Amino acid sequence: MSDATAVKVREIRALIARHKRWDIVFGTIGVLSLMIGVLTFTVLFLDMLIDGAPRLTWDFLTSFPSRKPGQAGILSAWVGSTMVMIVTICAAVPLGVGAGVYLEEYAPKNWMTDLIEINVTNLAGVPSIVYGLLALGLFVYQFGLGQSVLTAGLTLALLILPVIIVATREAIRSIPAAIREGSYALGATKWQTAAYHIIPYSLPGILTGVIIGLARAIGETAPIITVGALTFIAFLPPAPLQAEPPFISFEWLLSGFTVMPIQMFNWTSRPEAAFQSNAAAAGVVLLVMTLSMNALAIYIRYRLRKNIKW
Amino acid sequence: MPENFVSDRLARRRLRHVQERIIEFILFLAACISVATTVGIVLILLRESYVFFQQVPLWDFLTDTQWTPLFSEARYGILPLLSGTLVSSAVALLVAIPLGTIIAIYLSEFAPFALREVAKPFLELLGGVPTIVYGYFALLFVTPLLQKIFPELPGFNLLSAGLVMGVMIIPYVSSVSEDAMRAVPMALREGSYAMGATRFQTALRVVTPAAFSGIAAAYILGISRAVGETMILAVAAGMQPNLTWNPMEPAATITAYIVQVALGDLPYGSIGYQTIFAAGLTLALMTLFFNVLGHALRKRFRQAY
Amino acid sequence: MVGTTAPEVSAAAAAGPAPVKKSESRNLNFFYGQFQALKDISMPIYEKKVTALIGPSGCGKSTFMRCFNRMHDLYPGNRYEGQIMLYPDNTDLLNRDVDPIEVRMRISMVFQKPNPFPKSIYENVAYGLRVRGHTRRALVDDKVEEALRSAALWDEVKGRLGDLAFNLSGGQQQRLCIARALATDPEILLFDEPTSALDPIATASIEQLIADLKEKVTILIVTHNMQQAARVSDYTAYMYLGELIEFDVTDTIFIKPKNKQTEDYITGRFG
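Residues numbered from 1 in each chain as written. Chains lettered and ligands numbered in written order. Predicted model: local features only at pLDDT ≥ 70, side-chain atom pairs only at ≥ 80, totals over all residues.

## Brief notes about the overall build of chain C
Counting secondary structure elements, chain C contains 10 helices and 10 strands. Since a compact globule built from 271 residues should have a radius of gyration of about 18 Å, the 18 Å found for chain C is in line with a globular shape. Overall, the C-alpha framework of chain C stretches about 55 × 40 × 40 Å when taken along its three principal axes. Looking at chain C as a whole, 47% of its 271 residues qualify as buried. (Helix = DSSP H or I, 4+ residues; strand = E, 2+ residues; numbered from the N terminus. Rg over C-alpha atoms; globule rule 2.2 N^0.38 Å. Buried ≥ 20, exposed ≤ 12 C-beta atoms within 10 Å, placed from the backbone.)

Below, the structure is given as structure tokens:
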């Protein structure tokens, strides 16, 4: 009896040793696979940094593009990106948050709501270039907005709308029902509850979504090309603030423009190596911008998870 | 006086009610923008494509092996663009699916807590890199590197664009797959471990099959990403339509063609202008198919647990 | 090897052939991080008998049971002190040198809620064999049939072994999980409140099954239901706040417990 058990235990131990080898093999493969991602990213960043380092000067940020690679800069590109982002924020944030609040707080359970929900999920999967085609047909020609800052900003707003809607809904959903009930119990209306409680409490979550959406928008190239951004722009759109009355001008909205990723694309597709190092420098600036925005969003979410325990 | 007081309150209540309804309606309109976007996409693509297909028979579009709409002797066969799209996507998926799956299994079943906490945000960052940056990397780093192995590889080729696109898609595949695996109830894992299974056996024989439809959805969303990706291909695979199944050749994809036309100056309403909408419609239908399939699978997975 | 620290069973009840110890916990302490969930537990498990663990919820009875197959090793921050001996080979199950997988290959477990795998009925039962690397079709077939018969499920499923296990009723799923646990010939079978998710009829059939199974295997069962403990077990342990209050022959525990706390719990004055 005891002998039989001993034999059995020995067999089991041999079996486990054999099987555990696979655990180690797979664990190693898993780490290596992760390392491929880390390595690719590191090489990508270093390669661009080395190629672009000589061009990363203050002049690069304050010069217009030029036929001479040594004098070219990204002034019109980052100014253009900033203006487009302003339009995108103004359009996407109210629409996205409004839609999110409607779907979570107001929407009745009917086919219309279902339709909107299916739509939001599907829109998130539409390739960005298709948004470009929509904007080309609708904003540029149908509405006659032309190839302008306004068109580009609205296009990117539509593109990131699903991101903001989903983030808003998730943030609202994490608010416990007790808070809502507390507000209603005091006689508040739906909108008062939403405006004074729901939206303020879900603000960090919404902010995360907005930042991730903007990080995506600022790096988007394809839809902006499709809309027809000019690739060579040696001027700035008219300033929104003027020295003379009425002091505020909206001309910049309809101005031609270029943005960072398009400037980079333009330089990348030039055969001269000198332009390519301009592309690398622009790429470093772009990458730092998008990555710091993403990192900020991840950090806010991390803090959020840590701090709030309802 | 008291009567006045009551009617005053009633009036204020009515005003508040009207206000509430107006706000609700405005929020409803905001929600409808997403539907309007979809309707807009469908209408614009269909309208321009309709004009296009009045001049080019659908049969020619689907079977002609040449795509030369900008030449004087114009031919409108989508096949060359389709082949470029499919080959580059295939290369990308050969990278993204195995690596994405392994990373997902590793992070969900093997990795220590601390590593997972670091790796997940990192993968998210990887997904946040602008695609034009990946395009630069493919053209000016990966292609020269590959040329050291294959000296006759041309400067533009589907292989390097596809490989880099694969790395870009890894985070999408791994995060959706990992979510599916983590959603598998702990009770199933405990059941497997209680039978004396190792981690690898549990991951392979219980968790992966249980999360199958979620993982399949991740793959399909990855495919949809690859088919719709634009800048990496426009930069690194060239813009020359080329009916080929060889990833070592340059070839334009549907997306790269749209970029090429948009960069030029085509007059509104010309047939050249309409081609990009016909190409866009093809692309939209392909991604729609994959998205619907992916969401159906995800839904089925959610119902199972 | 006689447990010096284990409480002795009252002599009157130990009529008939003296029971053989299959396993024994010795001064077992268990910690979830800083929290001590089990305090100095020593008690024997007798071979081919049913031992029940009872006590109010949160008393540590499930935690104690899950020490026997080292389930706590799956989660970080858990810590054992003391020993759980397995006889006849005198292995300390909690020893660092003993692989938890080795323990789980010798001691099977049936969970609170039926947890069949998303596989066919056949593959569910064959899982333990597959994990052990058995591939010979004839051998696996025989083992699956034998286990299903022992779990009183064979007649209900023999025609549809290829069906997905999810399609079975709750009671059938639980018997399937018992068959899965039996197929690998475990030395001890652990039941963690196996009927708490089942209706009365399914519960009755599982209880009958446990009574039949003790012919073949040593059984440890956690139950929140005192009547169930009285019906199925030979020995009963009453636990409270992580401590073992009293261990004895089931009849003694239920008819004339020595400890006032046990008596209060049994008679329903507390809990």
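That was the structure; now back to the text.
## Observations regarding the sheet that holds strand β5 (residues 91–92) of chain C
Residues and elements named next belong to chain C. The 4 strands lie next to each other as β2-β1-β4-β5, forming an open sheet whose pairing is antiparallel. This sheet does not close on itself; its edge strands, each paired only once, are β2 (35–46) and β5. By the bridge criterion, 2 bridges tie strand β4 (residues 78–86) to β5 in an arrangement that is antiparallel. Paired with L86 across the bridge in β5 is T91. The sheet contacts of helix α1 (residues 61–68) involve β1 (21–32), β2 and β4, and relative to β2 the element is tilted by about 65°. (Pairing = 2+ DSSP bridges. Contact = placed C-beta atoms within 7 Å. Axes fitted to C-alpha atoms, helices over the stretch in contact; angles between N-to-C directions.)

## Here we look at the domain arrangement of chain A
Residues and elements named next belong to chain A. Segmentation of chain A into domains returns domain 1 (2–53) and domain 2 (58–307). Computed over C-alpha atoms only, the centres of domain 1 and domain 2 are separated by 40 Å. With 5 residues of domain 1 at the contact, the number on the domain 2 side is 7 residues. For the side of domain 1 that touches domain 2, the per-class residue count stands at 3 nonpolar, 1 polar and 1 charged. (Domains from an automatic or database assignment. Nonpolar A, V, L, I, M, F, W, Y, C, P; charged D, E, K, R; others polar.)

## Side note on the interface of chain B and chain A
Frequently, the measure chosen for interface size is the accessible area that the parts lose on association. With 69 residues of chain B at the contact, the number on the chain A side is 70 residues. Considering every element that reaches the side of chain B that touches chain A, the biggest residue donor is helix α1 (residues 2–55) of chain B, with 19 residues. Looking at the side of chain B that touches chain A residue by residue, the class counts come to 46 nonpolar, 17 polar and 6 charged.

## Considerations on the environment of I74 of chain A
Residues and elements named next belong to chain A. With respect to the helices and strands, I74 occurs in the loop between α2 (58–62) and α3 (75–106). Looking at I74, the number of C-beta atoms within 10 Å reads 27, which means it is buried. Taking the C-alpha atoms as reference, I74 lies 9.1 Å from M264; in sequence the two are 190 residues apart. If we ignore the near neighbours within four places in the chain, the residues touching I74 are F60, L61, M260, Q263, A282 and V285.

## Some details on the environment of A187 of chain B
One can find A187 of chain B in helix α7 (residues 186–194). Residue A187 of chain B is classed as partly exposed on the basis of its C-beta count, with 13 C-beta atoms lying within 10 Å. With near-sequence residues (within four places) excluded, A187 of chain B lies in contact with F111, K113 and N115 of chain C.

## Points about the nonpolar core
With 268 residues, the main nonpolar core has I160 and I164 of chain A, Y136, A138, V164 and I232 of chain B together with A179 of chain C as its most contacted residues. Setting aside anything within four residues of it in sequence, one finds V164 of chain B in contact with Y134, F137, A138, V142 and I232 of chain B. (Core = buried A, V, L, I, M, F, W, Y, C linked by C-beta atoms within 7 Å.)

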